[in-house]
Amino acid sequence: MENKFLELPKEKQLRIINAGMEYFGQYGYKNAKTDDIATKAGISKGLLFYYFKNKKSFYLYLYHFCEKVLNDYIEDEYLNQLTDFFDIIDYGARKKLEMLTEYPYINHFIMEAFYSQKEAVSEEVQQLIQKTMNQAFDQYFHNVDKSRFKDGVEFKEIYQMLVWMSEGYLLDKMRTNEAIDIKLMMEDFKKWEIMFKKICYREEYQ
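Computed from a predicted model, the values in this text were never measured in an experiment. (Residues numbered from 1 in each chain as written. Predicted model: local features only at pLDDT ≥ 70, side-chain atom pairs only at ≥ 80, totals over all residues. Heavy atoms only, no water.)

**A closer look at the overall build of the protein**
Alright, step 1. Of the regular secondary structure elements, the protein holds 10 helices and 0 strands.
Alright, step 2. The helix and strand sequence of the protein, counted from the amino end, reads α-α-α-α-α-α-α-α-α-α.
Alright, step 3. Burial status across the protein gives 43% buried among its 206 residues.
Alright, step 4. In the protein, the share of contacts with a sequence separation of at least 24, taken over all contacts with a separation of at least 6, comes to 70%.
Alright, step 5. Total accessible area computed for the protein in this model is approximately 12100 Å², and 51% of it derives from carbon and sulfur atoms. (Helix = DSSP H or I, 4+ residues; strand = E, 2+ residues; numbered from the N terminus. Buried < 20%, exposed > 50% of the residue type's maximum accessible area, 1.4 Å probe, protein only. Contact = heavy atoms within 4.5 Å. Areas by Shrake-Rupley, 256 points an atom, 1.4 Å probe, with all protein chains shown as cover.)

**With respect to the packing of helix 2 (residues 10-31) against helix 7 (residues 106-115)**
Alright, step 1. Close contact between helix 2 and helix 7 brings their axes to 7 Å; oriented N to C, the two are set at 30 degrees. Between helix 2 and helix 7, the crossing angle belongs to the class labelled roughly parallel. Crossing angle aside, the handedness with which helix 2 passes helix 7 is left-handed. For the pair helix 2 and helix 7, the contacting residues are Met21, Phe24, Gly25, Gly28 and Tyr29 in the first and Ile106, His108, Phe109 and Glu112 in the second. (Axes fitted to C-alpha atoms, helices over the stretch in contact; angles between N-to-C directions. Parallel < 35°, antiparallel > 145°, perpendicular 65-115°, else oblique. Left-handed = near helix turned anticlockwise from the far one by under 90°.)

**As for the confidence of the model for the protein**
Alright, step 1. With 86% of its residues at a pLDDT of 70 or more, the protein shows a mean pLDDT of 84.
Alright, step 2. Across the protein, helix 3 (residues 34-41) holds the top mean pLDDT of 96, while helix 8 (residues 122-140) sits lowest at 69. (pLDDT = per-residue confidence, 0-100.)

**As for the pattern of salt bridges**
Alright, step 1. Scanning all chains against the criterion turns up 7 salt bridges.
Alright, step 2. Glutamate 22 is the salt-bridge partner of lysine 40, the closest N and O atoms lying 3.6 Å from each other. Taken together, the residues span a long stretch of sequence, with lysine 40 in helix 3 and glutamate 22 in helix 2 at a distance of 18 residues.
Alright, step 3. Among the residues examined, lysine 40 registers a relative accessible area of 46% and is labelled partly exposed. (Salt bridge = Lys/Arg side-chain N within 4 Å of Asp/Glu carboxyl O.)

**Focus: the packing of aromatic side chains**
For any pair of aromatic rings, the description rests on two quantities: the centre-to-centre distance and the angle between the ring planes.
Alright, step 1. One pass over the full model with this rule turns up 27 aromatic pairs.
Alright, step 2. Geometrically, the ring pair formed by phenylalanine 141 and phenylalanine 155 is tilted, given 6.2 Å between the ring centres and 55 degrees between the ring planes. Taken together, the residues span a long stretch of sequence, with phenylalanine 141 in the loop between helix 8 and helix 9 (155-175) and phenylalanine 155 in helix 9 at a distance of 14 residues. For the pair formed by phenylalanine 141 and phenylalanine 155, the shared burial category is buried.
Alright, step 3. Three or more aromatic residues joined by ring pairs form one cluster here, namely Phe5, Phe24, Tyr29, Tyr50, Tyr51, Phe52, Phe58, Tyr59, Tyr61, Phe65, Tyr103 and Phe109.
Alright, step 4. Its guanidinium or amino end placed over the ring of tyrosine 29, lysine 55 lies 5.0 Å from that ring's centre, counting from NZ or CZ. (Phe/Tyr/Trp six-rings, centres within 6.5 Å; stacked < 30°, edge-to-face > 60°. Lys NZ or Arg CZ within 6 Å of the ring centre and 35° of its normal.)

**Regarding the nonpolar core**
Alright, step 1. Counting 32 residues, the largest nonpolar core has Phe5, Ile16, Met21, Phe24, Phe58, Ile106 and Phe109 as the members making the most contacts within it.
Alright, step 2. Elements with a contribution of two residues or more to this core: helix 2, helix 3, helix 4 (45-51), helix 5 (55-74), helix 6 (85-102) and helix 7.
Alright, step 3. For this core, the element with the highest residue contribution is helix 5, accounting for 9 residues.
Alright, step 4. Beyond its immediate sequence surroundings of up to four residues, phenylalanine 5 is in contact with Gln13, Ile16, Ile17, Tyr51, Phe52 and Tyr61.
Alright, step 5. Ile88, Met111, Val144 and Ile158 belong to the second-largest nonpolar core, a separate cluster that totals 24 residues. (Core = buried A, V, L, I, M, F, W, Y, C linked by side-chain atoms within 4.5 Å.)

Rendered as structure tokens:
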């Protein structure tokens, strides 16, 4: 049935995908209503289930779609030329801004999927996320020049700290139902990056 979905014009596919990400991201798998998603996408619920067998099938399709989008941003010729850890982080942040322009709810959807528990999709999605994260990290940072780091500093730990800070920022905005200002977030992220660079890089590379 998903083949029928892929035969749709790209604009219509995008409306359905973004509607699904918005409602699953805001309400979680269990509480998101397919009627609302269909209405937002401008189609009937019956048509949504014509393209996707059921709610779970649609949710998992969205997850794999996000995975593909992220992989497409990783498989980048320019990225493969970068060796400085923070240059890679910077480039990734800029690419993420491009991604959010086309898929404004992708962050909410991924965050909800990551923290979901005791839902019909939780166990399956958690396994997929862990596998994706491990593969993405190895691919994204395979060219990092480790000699720039001070002795005893593991760049994977620095990356994890930056991820935690970013996730905390997003979760706080989601908790208070406050709109996420991507430009402001990137300004804050740049400050964190400069701070970490001073902490973990040898002086000649700061």
